[in-house]
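Topology and contacts: notes
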Amino acid sequence: MGEIRVFLVDDHRVVRTGLAAYLGGEPGMRVVGQASDGIAALAEIAVLDRAGERPDVILMDLMMPRMDGIATTREVKKRWPEIEVVAVTSFVEEEKVRGALEAGAAGYLLKDADAPDVTAAIRSAVAGEVNLDPAAARALTASLRAPKHEQAPLTTREREVIVAIASGATNRQIARTLGLAERTARTHVSNILAKLGLTSRTQAAMWAVREGLVDKAGEP
């Protein structure tokens, strides 16, 4: 894995400063920008994108003025679907956890998380994996009990792929398990997201659980 470009969004300067200082000393990571709210973040990321410095991962505070983290995450995934977002907040509420993940976040951390947990979440997001704080994962459990809906017309292969996604498999692991080229696995994932109207692997995993393709432990 090459250098990971990280962007920080938080309305508290001291939080941004602390994260920037820590991540600046982490091998293979570089903080490319900061913003104090969602509107400023979108403007700054657009500038970085034009300069060829688009971030790979955003650490996104959820509680901010002008535009909160959930709305900003949704807009980031709409404009730059390649950018991964890790939500960072002081509170664990099922509505906030679900909202962040449905907006496209690939992880959910509490602000009191240990520093290694932050870097682990960043690396997991870049690898296409989901990283949830244990308390957030517990809060999310109730939301996975929603009634099942009519399933979208996925092919047999696409169902196999979405089951693998729900188990936390990366594109490379999906390809190896199903005997596919990694590029083919990546194409299947993109097709699934398009068919279901989703923007992230996290949303796909949640869909698979809601539709009964896997249980809450990720088992078929």
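Up top you'll find the structure we're talking about.
**Focus on the nonpolar core**
If you look at the biggest cluster of nonpolar residues, it comprises 23 residues, and the most contacted ones within it are I162, I174, L196 and W207. Broken down by secondary-structure element, the contributors of at least two residues to this core are α7 (156-166), α8 (171-178), α9 (182-196) and α10 (201-210). The biggest single contributor to this core is α7, with six residues.

**What about the layout of surface pockets?**
Each pocket or cavity is described by its volume, and for the largest pocket that value is around 760 Å³. Of all the secondary-structure elements, those providing two or more residues to the lining of the largest pocket are α5 (115-126), α8, α9 and α10. Ranked by residues supplied to the lining of the largest pocket, first place goes to α9 with five residues. Each residue belonging to the lining of the largest pocket can be placed in one class, and the counts come to 12 nonpolar, seven polar and 11 charged.

**With respect to α10**
Counted residue by residue, α10 has 10 buried out of 10 residues, so it is predominantly covered. Here α10 has its buried residues at R201, T202, Q203, A204, A205, M206, W207, A208, V209 and R210. Backbone geometry just downstream of α10 places G212 in the positive-phi region, at approximately 80°.

**Description of the packing of helix α1 (residues 13-24) against α5**
In helix packing, the relevant descriptors are the interaxial angle and the interaxial distance, both defined with respect to the helix axes. At a closest axis distance of 11 Å, the pairing of α1 and α5 adopts a crossing angle of 75°. Classed by the angle they form, the pair α1 and α5 counts as roughly perpendicular. Contact residues: L19, Y22 and L23 in α1; A115, P116, V118, T119 and I122 in α5.

**A closer look at the sheet that holds strand β5 (residues 107-110)**
With parallel pairing, six strands are arranged side by side in an open sheet as β2-β1-β3-β4-β5-β6. Every other strand in the sheet has two partners, leaving β2 (29-35) and β6 (131-132) as the edge strands with one partner each. Across two bridges, the pairing between β5 and β6 is parallel. Of the residues in β6, the one forming a bridge with Y108 is L132. Packed on one face of the sheet, helix α3 (residues 69-79) meets β3 (57-61) and β4 (84-89) and runs near 155° to β3. Strand contacts of α5: β1 (4-9), β2, β3, β4, β5 and β6, with the helix running at about 130° to β3, the strand carrying the most contacts.

**Details of the pairing of β2**
In the case of a regular strand, side chains alternate between the two sheet surfaces. Looking at chain direction, β1 and β2 are connected through six bridges and run parallel. Among the inter-strand pairings, I4 is bridged to a residue of β2, identified as M29. Handedness of the crossover joining β1 and β2 through α1 is recorded here as right-handed.

**Focus on unusual backbone geometry**
Not every positive phi belongs to a glycine, and R66 is a case in point at roughly 70°. Position of R66 relative to the elements: it lies in the loop between β3 and α3. Among the residues examined, R66 registers a relative accessible area of 61% and is labelled exposed.

The rules behind each value
- Residues numbered from 1 in each chain as written.
- Predicted model: local features only at pLDDT ≥ 70, side-chain atom pairs only at ≥ 80, totals over all residues.
- Heavy atoms only, no water.
- Core = buried A, V, L, I, M, F, W, Y, C linked by side-chain atoms within 4.5 Å.
- Buried < 20%, exposed > 50% of the residue type's maximum accessible area, 1.4 Å probe, protein only.
- Helix = DSSP H or I, 4+ residues; strand = E, 2+ residues; numbered from the N terminus.
- 1 Å grid on protein atoms, 1.4 Å probe; cavity = no way out; pocket = protein on both sides within 12 Å on 5 of 7 lines; lining within 4 Å.
- Points joined across faces, edges and corners; volume = space filled by probe spheres on them.
- Nonpolar A, V, L, I, M, F, W, Y, C, P; charged D, E, K, R; others polar.
- Axes fitted to C-alpha atoms, helices over the stretch in contact; angles between N-to-C directions.
- Parallel < 35°, antiparallel > 145°, perpendicular 65-115°, else oblique.
- Contact = heavy atoms within 4.5 Å.
- Pairing = 2+ DSSP bridges.
- Right-handed = clockwise from strand over helix to strand, strands pointing away.

Keep in mind these numbers describe shape, not what the thing actually does.
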